[in-house]
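# Breakdown of the fold
Read off the chains here:
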Amino acid sequence: MDTDLTCSALTAQLKAVTLLTKNELLGRLFHHFLGHGAEVRLQLCRPDEIDKAETELWILDIGSVELQQLSSLLDRLLAQAPVALVNVTEVQAQQLVEKHPWIGGIFSIHATREQLLAGITVLLKGGVWMPRALMEHLLSQLRRLRESTEAISELTLREQQILN
């Protein structure tokens, strides 16, 4: 990647957002998208360079990470700052959020510039940004879990012992 697009500081008052990608074209697109009017300072790093970056939000290009390394990388990132995933399919998003529920943002392959900017703004304020279908799926899982917990609490003590 070009040196002007790597992990270098531009201005201190802007919020630092780091895109982890091996895809130079994606890096340039993000730089273009976020470089015009956004109140963020975009840093581009390769996934193996995360120790060099100080950031307030990680955006991880799923296509730049081997599947076997993804869980350990997510754990390392989340210890430092919130994480959003980019270029994620619906199926990948569902699986990853179920496995790593602390992921704060999901940007699908078809995310628009406006969605990226709005989502990044929400994430930097401590919020969550996910596609509606994924949120509906997660809410239905939560409701089923609550229903099963409530049903178990209505059992007699002996019924609960047998169930265990």
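The present account deals with the structure reproduced in this document. Fair warning: this is a prediction, and the values are worked out from it, not measured in the lab.

Spatially, β2-β1-β3-β4-β5 is the arrangement adopted by the five strands of the open sheet, whose pairing is parallel. Each edge of the open sheet carries a strand with a single partner, namely β2 (40-45) and β5 (105-108). Between one strand axis and the next, the sheet turns through 20 degrees on average, direction left out of account. Of the strand pairs in this sheet, strand β3 (residues 57-61) and strand β4 (residues 83-88) are connected by four bridges, and their pairing is parallel. Bridge assignment links Asp61 to a residue of β4, and that residue is Val86. Along the sheet, helix α3 (residues 90-99) makes contact with β4 and β5, crossing β4 at roughly 155 degrees. Contacts between helix α4 (residues 113-124) and the sheet are confined to β1 (15-20), β2, β3, β4 and β5, with β5 contributing the most and set at about 175 degrees to the helix.

Turning our attention to the pattern of salt bridges. The full count for this structure, using the stated rule, is three salt bridges. Between Glu56 and Lys15 there is a salt bridge, with its nearest N and O atoms 3.7 Å apart. With Glu56 in the loop between β2 and β3 and Lys15 in strand β1, this pair connects stretches of sequence that are 41 residues apart. The shortest N-O distance in the salt bridge between Arg28 and Glu24 comes to 3.0 Å. Taken together, the positions of Arg28 and Glu24, both in helix α1 (residues 24-35) and four residues apart, correspond to about one turn of that helix. Residue classification places Arg28 among the partly exposed residues on the basis of a relative accessible area of 39%.

Criteria and cut-off values
Each chain carries its own residue numbering, running from 1 in the direction its sequence is written. Local features in this predicted model are restricted to residues whose pLDDT is 70 or higher, and side-chain atom pairs enter the listing and the counts only when it is 80 or higher, whereas totals over whole chains, interfaces and linings include all residues. Note that water and hydrogens are dropped before the side-chain values are worked out from all heavy atoms of the structure. Should DSSP find at least two bridges between two strands, the strands are regarded as paired. For the purposes of this entry, the term helix denotes a DSSP run of H or I that reaches at least four residues, the term strand denotes a run of E that reaches at least two, and both are numbered from the N terminus. Interaxial angle, 0 to 180 degrees, is taken between N-to-C directions of lines fitted to C-alpha atoms, where a helix line uses only the stretch in contact. Contact between two residues is taken to exist if any of their heavy atoms lie within 4.5 Å; hydrogens are not considered. Put simply, a salt bridge is a Lys or Arg side-chain nitrogen that is within 4 Å of an Asp or Glu carboxyl oxygen. Burial status follows relative accessibility: with a 1.4 Å probe on protein chains alone, a residue under 20% of its type maximum counts as buried, one over 50% as exposed, and anything between as partly exposed.

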